[in-house]
Each structure stands twice: as structure tokens, then as C-alpha cells.
Amino acid sequence: MQSLLTFAVPKGRILDEALPLMERAGIVPEDGFHDPKNRSLSFDTSRSDMRLIRVRAFDVATFVAHGAAQIGIVGSDVIEEFNYDDLYAPVDLDIGHCRLSVARMAGDTQDDAGASHIRVATKYPGLTARHFEARGIQAECVKLNGAMELAPSLGLARQIVDLVSSGATLKQNGLVETQQIIDITARLIVNRAAFKTDPRVAALVDAFRKDAETRAQKQDAA
């Protein structure tokens, strides 16, 4: 009897964009998956040998890296933040586009040039510290999991590092984007050991890669 494959997906915007890609790869979640009242975290799929788990984006990477899930979809921000050795990201899915940026209050004109230490509110302490370290600045990272935009106005930190898409949320909270750290897209990730030992995982990687290549060719031809 085949072991059950576990496919980890994130809650939110990336999942909405990923579902059509997954369907083309032969992975369709059970009916209850789309019910907003359904609090389940694990779901059957159209494949008898696969289940989906729907978790926070940061947890997708953790489940896959440690082999609790064999495959998943997550933003490249999460991959860069954790940099797990056992995580392999073979396919850029070209969805979930956004960027990780530094922002501050619109009226804050203080120059960081020459500063040796700053305080930054973020849920990306690793990426944030590396970004400022490359500029010769030690970043004291205050870890927040949400409501990042409140930190400057409440005096928790002068600057934040957070995901930015349109910039509307920053503007509504009186913030402006000052530096871009990385561009972000969603990636297909796999556990390295599972990729090497389970042909089903390799076959899924091929299916998602071919789909990404087909979409890219259509965009180029348009």
C-alpha cells in the first residue's frame, strides 16, 4: 500500500492563485475545502494517495523541511527567511507577486546614514538583519506577526519591514516605502529526501514546471 503524500498549502492570497495550478496538476481538494466555516486543517483530494494541509505560510516551510509534508507551495520570502537545508524550491510558480520592503512614517525624514543601530518591527528578523548588516547597520528586530503598520506611530520602532503589494495599506496608515529588499513570488517546495526517493514527488515537480513553462510561453506570445 502506498504511503500518503502530504501537500502543504498556505492560507490567503497565494492559495487562491495556486488552486488552478494544482488542479491542472491533478490535485483537487474535497468540497469542504472551500467552505469558510470549515475549520479543518487536513483535507482529502482527488488523489487517493494525497491529502492537503492548510496552514500558515511560515509553517508550510517547516512541515516540508522536516518531512512531515513532502511538497508544498509558499512565498520566496518564507524560503529566504528560514533557509532550511532540507528544503528544495525547484519551480517558480509566477504567482503571489509582491515585495519585501522597509517603510517608515511619511513625515520621518531622519537619515540612517552613519547609524550603527536601529530598531525595526517585522516578522522577518533574519532577512531584516541581513539587509541592514550589509549596510553596516545592526538591526534590533522586534518580532510582530501582524499589525506591523502600527509600530512607528506607537513608538515601538521607527521602521518596519513587511510585505508590500499595492502600497495601499502603507498609505492608509501614514507610511511610505523607503527601500525594497527582495521581489517575491510563490514557489513549489519539496523535501529533498522525498524528492530523491519518491517518484510521485518528482512527477509533481515536472507537472508544475511544465505548467509554469506553458504559462510563460503564452505570456511571451501575447
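Refer to the structure presented above.
Residues numbered from 1 in each chain as written. Predicted model: local features only at pLDDT ≥ 70, side-chain atom pairs only at ≥ 80, totals over all residues. Heavy atoms only, no water.

Colleague: Which residues make up the sheet that holds strand β7 (residues 117–122), and what values go with them?
Modeller: If you walk across this open sheet you meet the 5 strands as β8-β7-β9-β6-β10, and the pairing is mixed. Of all the strands in the sheet, just β8 (138–143) and β10 (175–184) have a single pairing partner and so form its edges. Strand after strand, the sheet turns through a mean of 30 degrees between neighbouring axes, direction not considered. Of the strand pairs in this sheet, β7 and strand β9 (residues 159–164) are connected by 3 bridges, and their pairing is parallel. Across the sheet, the residue bridging to A121 is I160, located in β9. Sitting on the sheet, helix α4 (residues 125–133) is in contact with β6 (98–105), β7, β8, β9 and β10, with an inclination near 160 degrees to β8. (Pairing = 2+ DSSP bridges. Helix = DSSP H or I, 4+ residues; strand = E, 2+ residues; numbered from the N terminus. Axes fitted to C-alpha atoms, helices over the stretch in contact; angles between N-to-C directions. Contact = heavy atoms within 4.5 Å.)

Colleague: Tell me about the environment of A61, residues and numbers included.
Modeller: Looking at the element boundaries, A61 is found in helix α2 (residues 57–65). Classification of A61 as buried rests on a relative accessible area of 0%. As a C-alpha pair, A61 and F82 span 21 residues in sequence and 8.0 Å in three-dimensional space. In this view, A61 contacts V78, F82, Y84, L87 and I189; residues no more than four positions away in its chain are not counted. (Buried < 20%, exposed > 50% of the residue type's maximum accessible area, 1.4 Å probe, protein only.)

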